[in-house]
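Listed below, chain by chain, are the residues.
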Amino acid sequence: MEKFYWSKLILNKNEAATKSTLIKYILGIKDSSSITVEQLKCLTLEVIDGTDQNYDLKVFLESITDFEEAASWLSKNAYSLDMSRNLLGIIKHPKGKRGL
C-alpha cells in the first residue's frame, strides 16, 4: 500500500488509478483530457451532497487534501477508458446519469 500525499487514505496505485478512471467516466471525459481541479471539487460536492449510491467513491473524494495534486495524479494515472468500458458499464453516475 502506498500513501498518496494528496489523500488521507492509504491505497495501492491500482486502487487509485481505478478511482481516477471512474471519475473520468462520471465526468464524461472520453479521451486523454485532464481532470481539472474545478471538476474534481464539483464532483466531490455532488457525491458528498448527493446519494450514498457510490459509498467508496464518496470516501475517496472526502479523503482528498490537495485537489491540485490529486487532479494532476488522477489525470495521469487513469486507465484507458477503452480498456475499462466493460468494467465500468455497470457503474452509474451518483445522480443516476451515465458518463459516456
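Above this text is the structure in question.
Residues take numbers from 1 onward in each chain, read along the sequence in its written order. This being a predicted model, a pLDDT of at least 70 is required before a residue's local features are given, and a value of 80 or more before pairs of side-chain atoms are given or counted; all residues contribute to the totals for chains, interfaces and linings. Water and hydrogen atoms play no part in the side-chain values, which are based on all heavy atoms of the structure.

What about the overall build of the protein chain?
The secondary structure content of the protein chain amounts to 5 helices and 2 strands. Strands here are runs of E lasting at least two residues and helices are runs of H or I lasting at least four, both read from the DSSP assignment and numbered beginning at the N terminus. Ordered by position from the N terminus, the helices and strands of the protein chain form the series β-β-α-α-α-α-α. Burial classes: relative accessible area under 20% of the type maximum marks a residue as buried, over 50% as exposed, and values in between as partly exposed (1.4 Å probe, protein chains only). Per-residue burial for the protein chain yields a buried fraction of 40% across its 100 residues. The long-range fraction of contacts in the protein chain, counting pairs at least 24 apart against all pairs at least 6 apart in sequence, stands at 65%. Computed with a 1.4 Å probe, the accessible areas rest on the Shrake-Rupley method; for each residue, only the protein chains presented here act as cover. Put simply, the protein chain shows about 5800 Å² of open surface, and 51% of that area lies on carbon and sulfur atoms. Here a residue-residue contact requires only that any non-hydrogen atoms of the pair lie within 4.5 Å.

Comments concerning helix H1 (residues 13-27)
By definition here, a helix of n residues has an expected span of 1.5 Å times n minus one. Taking 1.5 Å per residue as the helical rise, H1 with its 15 residues ought to reach 21 Å, and the 21 Å between its terminal C-alpha atoms agrees with that figure. Whenever two N or O atoms come within 3.5 Å, that pair is a polar contact, provided that in protein one can donate a hydrogen and the other can accept it, and provided that, for residues adjacent in sequence, both atoms are side-chain atoms. N-capping of H1 is provided by Asn12, with a side-chain oxygen placed 2.9 Å from the backbone N of Asn14. Gly28 sits one or two positions beyond H1 and adopts a positive phi of about 80 degrees.

Examining the side chain of Thr44
With respect to the helices and strands, the residue Thr44 is situated in helix H2 (residues 37-49). Residue classification places Thr44 among the buried positions, given a relative accessible area of 7%. Not counting residues within four places of it along the chain, the set of residues in contact with Thr44 comprises Leu61 and Phe67.

Honestly, that's just the spatial picture; any functional story needs more than this.
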